[in-house]
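# Report on the structure
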Amino acid sequence: MKENRQLILKDATIQTIQVGSEDYICITDIARLKNSDDPSGVIGNWMRNRNTIEYLGLWEYLHNANFKPTEFEGFRNQAGLNAFTLSPSKWIEATSAIGLICKSGRYGGTFAQSDIAMKFASWVSVEFELYLLKDYQRMKAEEQKALGWSVKRELAKLNYHIHTDAIKEHIVPEDIDSYHRSLIYANEADVLNVALFGMTAKEWREEHPEEKGNIRDYATINQLICLSNLENLNAVFINEEMPQSERLLKLNAIAQHQMQVLEEVQTRKILTK
């Protein structure tokens, strides 16, 4: 279980957690918007409803092999009666449900799997459901974008080894000490930096003294795609024993062309959405 980003619902923050691949949204935070004095009472009223019990039971049947159907049937038969009450913790304990999670402590509350949370928000207010759904979609889109960046960064790192192997084989003298060897590798890395970003790693650090990491950690997805291609091409040029000055000019021209193509493709995707 790990903490996730917060959602925004009508200027209020809604906690989320991630369990495996599933997102869980704090319905206590949602209920607090309805009744700040007794959010547990709001959830309790929701769980007294027969439609709620049937929905929770169906969700568990579809997602939980350990769900206890006998206990569920007992709750369903009682749902709607005046004397019937049910809390999230009682539901979880009796049926081995996984769609709801109860957390204690300062940032605790009842968390519901995202589908169930949307159902609860709809029960509280259709307006709440729409706001919650919109911000949840925003959060997932940002996660996918971050994942895409991470994959491209790892690809660039893998191609880095192809690049350094070519440097080791064709540029680094066999009897050179480790310090001067590292200078050669850094110099060749800066060939790519200058070709793509227009500056060396040192120049970037001097311009961004407050930033952590290096110039490549702040690259866009398109720049990382281009960087991955440049590393492969530079390895080929090094194997062909092309002079560094010639490689730099060639790589810069390729970088400009590829970035233009990638940005045009991205623009077309935006316009056709």
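In short, a report on the structure. (Residues numbered from 1 in each chain as written. Predicted model: local features only at pLDDT ≥ 70, side-chain atom pairs only at ≥ 80, totals over all residues. Heavy atoms only, no water.)

## Focus on the packing of aromatic side chains
The tally for this structure, following the rule as stated, stands at nine aromatic pairs. Each ring, one from Phe75 and one from Trp91, has its centre 5.9 Å from the other, and the planes form 45°; the classification is tilted. Residue Phe75 is found in helix α4 (residues 69-78), and its partner Trp91 is found in helix α5 (residues 88-95); the two are separated by 16 residues along the sequence. Of the two residues, Phe75 and Trp91, both sit in the buried class. (Phe/Tyr/Trp six-rings, centres within 6.5 Å; stacked < 30°, edge-to-face > 60°. Helix = DSSP H or I, 4+ residues; strand = E, 2+ residues; numbered from the N terminus. Buried < 20%, exposed > 50% of the residue type's maximum accessible area, 1.4 Å probe, protein only.)

## Digging into the pattern of salt bridges
Considering all chains together, one arrives at four salt bridges under this definition. A salt bridge links Arg50 to Glu54; the nearest nitrogen and oxygen atoms lie 3.3 Å apart. Here Glu54 and Arg50 lie together in helix α3 (residues 50-63), a separation of four residues that amounts to about one turn. Looking at Arg50, the relative accessible area reads 37%, which means it is partly exposed. Notably, a salt bridge pairs Glu73 with Arg76, separated by 2.9 Å at the nearest N-O pair. Taken together, the positions of Glu73 and Arg76, both in helix α4 and three residues apart, correspond to about one turn of that helix. (Salt bridge = Lys/Arg side-chain N within 4 Å of Asp/Glu carboxyl O.)

## Remarks on the nonpolar core
By size, the foremost hydrophobic cluster in this structure holds 39 residues, and its most contacted members are Ile25, Ile30, Trp91 and Phe120. Sorting elements by how many residues they give to this core places helix α6 (residues 114-124) first, with six residues. Apart from the residues within four sequence positions on either side, Phe120 is in contact with Ile27, Ile30, Ala31, Val42, Ile43 and Trp46. Counting residues in each nonpolar core, the second largest holds 18 residues, with Ala195, Leu196, Cys226 and Met259 among its members. (Core = buried A, V, L, I, M, F, W, Y, C linked by side-chain atoms within 4.5 Å. Contact = heavy atoms within 4.5 Å.)

## Side note on a nonpolar patch on the surface
A contiguous nonpolar patch, built from Leu58, Tyr61 and Leu62 and spanning about 340 Å² of accessible area, is present on the exposed surface. Within the element layout of this structure, Leu62 appears in helix α3. The exposure class assigned to Leu62 is exposed, which follows from its relative accessible area of 65%. (Patch = residues over 30% accessible without salt bridge, like charges linked within 9 Å, V, L, I, M, F, W, Y side chains within 5 Å. Areas by Shrake-Rupley, 256 points an atom, 1.4 Å probe, with all protein chains shown as cover.)

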